[in-house]
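# Descriptive analysis of the structure
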Amino acid sequence: MSDIDYILYPEWIVPVVPRDTVLVNHCVVVTDSRIVNICPSSEGRKLEAKRHIELPQHVLLPGLINCHGHAAMSLLRGYADDQPLMTWLGEIWPAETAFVSEDYVRDGTDLALAELLLGGTTTFSDMYFYPDVTAERADFVGLRAQLVFPVIDVQTAWARDPEEYLAKGLALRDTYRNHERIEIGFGPHSNYTVSEETLQRVATLANELDAPVQIHLHETRGEVQMSVENLGERPIEQLNRLGMLGPRSQCVHMTALSEGDFDILEQTGAHVIHCPRSNMKLASGICPTQRLLDRDINVALGTDGAASNNRINMIAEIQAAALIAKLENSESTAISAATALEMATINGAKALGLDNDIGSLEIGKQADMIALRLDDPALQPVNNVLSHVVYATSGAELTHSWVAGKPLVVDRQLTTLSVATITSRANTWRDQLLAFRAQRSSENNAHHQENNPQ
Ligand SMILES: [Zn+2]
């Protein structure tokens, strides 16, 4: 019996490394969880393998890496639209206080994982309550994940105070310390929701453990101004003073940057996670991605939660990243198709500390791969497969997805989740959430009338 599990024969391969490369008439050979060869198809066909899989109209790519999100917030998709960040949070937080539980997080996470997989994501980072439930679902469904447990000053359903957030999070990190696909890190929410004392503890613990830290940082100009007024320093300056920034830290959003902010990112090796659609929808600001990359600061991509996007589709995020950079710079050469794709693959792998294993299709790496079928009329003719992936696809072209060699999507069917079950559970939550919102709105109206008698 052959040691080779399967050989894939796509029409095109975009390996991402080397940059700007498109291979034709090549195949990818997979044994166990790894890519063991990428060679001319004629050579592959001579090899003995358990399966030879033809993908005649497809492009094969490394699986996309979504570096920032809140999976269970999928249940709040469209719940509070067209509002600025703080007003939006004022709608979202009460709903979360009323509903977030283990069941809610399980159902919201399953919904998110289905959408992520069908849109080409194979690795995701998540920051949400009950990360133990998210970890269990990621383990079961088969995606690769970095889960950063929340740390915040206020009490939520998951924990009472910073002490308990940290204790529960560290216990979870211990549970998954030897897991092949899941790493647990620290997720202090932001410098405006976490005290300096707690941020200091997170920095010290994360450095001791060499664990990832992900934080919302410089999401809006207002956040930066508030920090300067309250603390006398910019949010990134505070984190730098506390020793939180380094090659294992991931700064999410990073708009409204000063020259000094660029210097701190460059000197510390901290990564930037750009969430262009969330930033546009909440009118938060623009992350200067091209200028960051020009300074050799790593920039990866994230969708943020579905409540502020409203998709968690990395192809949409890649397109937005390329387009917004061109507009921001008044320069159509800013963030080329190849660069945008790198941000969603190899740069994401670097941000999560996984670039030895994922982020490109290379011999020896994990077989985290996706196939997109490019036979739709909207994609003809395929003059330039790499730019088609970035500018012309929607994610609906995805037919196959593998993580560590294991198929998670085959012919656009999920292998480990039932869409019917996920949808029915999501609709049950929708009914409860809409009833809650209606009640809140009528209470607010009554309150308003009391205070403003006619
Ligand atoms: Zn976020």
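Quantities reported herein were computed from a predicted structural model and do not represent experimental measurements.

Now for the overall build of the protein chain. Along the backbone of the protein chain there are 16 helices and 17 strands. Here the C-alpha atoms of the protein chain give a radius of gyration of 22 Å, agreeing with the 22 Å that 2.2 N^0.38 yields for 454 residues. Overall, the protein chain is about 80 × 50 × 45 Å in size when its C-alpha atoms are taken along their principal axes. Taking all 454 residues of the protein chain together, the buried fraction comes to 49%. At a minimum sequence separation of 6, the contacts of the protein chain that also span at least 24 residues come to 73%.

With that settled, the discussion passes to the domain arrangement of the protein chain. Per the domain assignment, the segments making up the protein chain are domain 1 (4-62 + 366-414) and domain 2 (64-351). Between the C-alpha centres of domain 1 and domain 2 the distance comes to 29 Å. Between domain 1 and domain 2, the residue contacts involve 23 residues of the former and 26 residues of the latter. Contributions of two or more residues to the side of domain 1 that touches domain 2 are made by helix H15 (385-392), strand E15 (398-403) and strand E16 (406-410).

It is worth spelling out helix H5 (residues 162-175) at this point. Between its first and last C-alpha, H5 extends 20 Å over 14 residues, near the 20 Å set by a 1.5 Å rise per residue. Inspection of H5 places Pro162, Tyr165, Gly169 and Arg173 among the buried residues, and these make up the whole buried set. With its buried residues spanning 65° around the axis, H5 presents them on a single face. Exposed residues lying more than 90 degrees from the buried face of H5 are Glu163, Ala167, Ala171 and Asp174. Buried-residue contacts for H5 involve strand E8 (144-151), strand E9 (182-188) and helix H6 (196-209).

One way to put it is that helix H2 (residues 85-99) packs onto helix H16 (residues 419-451) with a least axis distance of 11 Å and a crossing angle of 125°. As judged from the angle between their axes, H2 and H16 are oblique. Read as a crossing pair, H2 and H16 show a hand that is right-handed. Two secondary-structure elements touch here, H2 through Pro94, Ala95, Ala98 and Phe99 and H16 through Gln432, Leu433, Phe436 and Arg440. A class-by-class count of the residues in the contact of H2 with H16 yields six nonpolar, one polar and one charged.

So, about the nonpolar core. The biggest cluster of nonpolar side chains holds 126 residues, and the ones touching the most others in it are Val28, Leu60, Ile318 and Ala321. Broken down by element, this core gets its largest block of residues, nine residues, from helix H3 (residues 102-118). Mapping this core onto the domain boundaries places at least three of its residues in each of domain 1 (4-62 + 366-414) and domain 2 (64-351). Leaving out residues up to four positions away in the same chain, Val28 has contacts with Ile7, Leu8, Ile13, Ile35, Ile38, Leu60 and Leu361.

Here we come to the packing of H3 against helix H4 (residues 131-141). Relative orientation of the contacting elements H3 and H4 amounts to 40°, with a least axis distance of 9 Å. With respect to their mutual orientation, H3 and H4 come out oblique. Where H3 crosses over H4, the two elements pack in a sense that is right-handed. Packed against H3, whose contacting residues are Glu102, Val105, Arg106, Thr109, Asp110 and Leu113, the element H4 presents Val133, Thr134, Arg137 and Val141 at the interface. Among the residues forming the contact of H3 with H4, the class breakdown is four nonpolar, two polar and four charged.

What follows covers the environment of Leu386. In this fold, Leu386 is placed in helix H15. Taking the C-alpha atoms as reference, Leu386 lies 8.5 Å from Leu341; in sequence the two are 45 residues apart. Once residues lying within four places of it in the same chain are set aside, the contact partners of Leu386 are Val14, Val22, Ala337, Ala338 and Leu341.

Burial analysis of strand E3 (residues 26-31) places five of its six residues in the buried class, the great majority of the element. Pairing of strand E1 (residues 4-13) with E3 involves three bridges; the strand directions are antiparallel. Along E3, the bridge assignment pairs Ile7 with Val29. Note: E3 against strand E4 (residues 34-40), six bridges, orientation antiparallel. Among the inter-strand pairings, Val30 is bridged to a residue of E4, identified as Ile35. Here E3 hands over to E4 after two residues, with Asp32 in that stretch at a positive phi of 55°.

About the cut-offs
- Residues numbered from 1 in each chain as written.
- Predicted model: local features only at pLDDT ≥ 70, side-chain atom pairs only at ≥ 80, totals over all residues.
- Helix = DSSP H or I, 4+ residues; strand = E, 2+ residues; numbered from the N terminus.
- Rg over C-alpha atoms; globule rule 2.2 N^0.38 Å.
- Buried ≥ 20, exposed ≤ 12 C-beta atoms within 10 Å, placed from the backbone.
- Contact = placed C-beta atoms within 7 Å.
- Domains from an automatic or database assignment.
- Expected span 1.5 Å × (residues − 1).
- Arc of directions from axis to C-beta.
- Axes fitted to C-alpha atoms, helices over the stretch in contact; angles between N-to-C directions.
- Parallel < 35°, antiparallel > 145°, perpendicular 65-115°, else oblique.
- Left-handed = near helix turned anticlockwise from the far one by under 90°.
- Nonpolar A, V, L, I, M, F, W, Y, C, P; charged D, E, K, R; others polar.
- Core = buried A, V, L, I, M, F, W, Y, C linked by C-beta atoms within 7 Å.
- Pairing = 2+ DSSP bridges.

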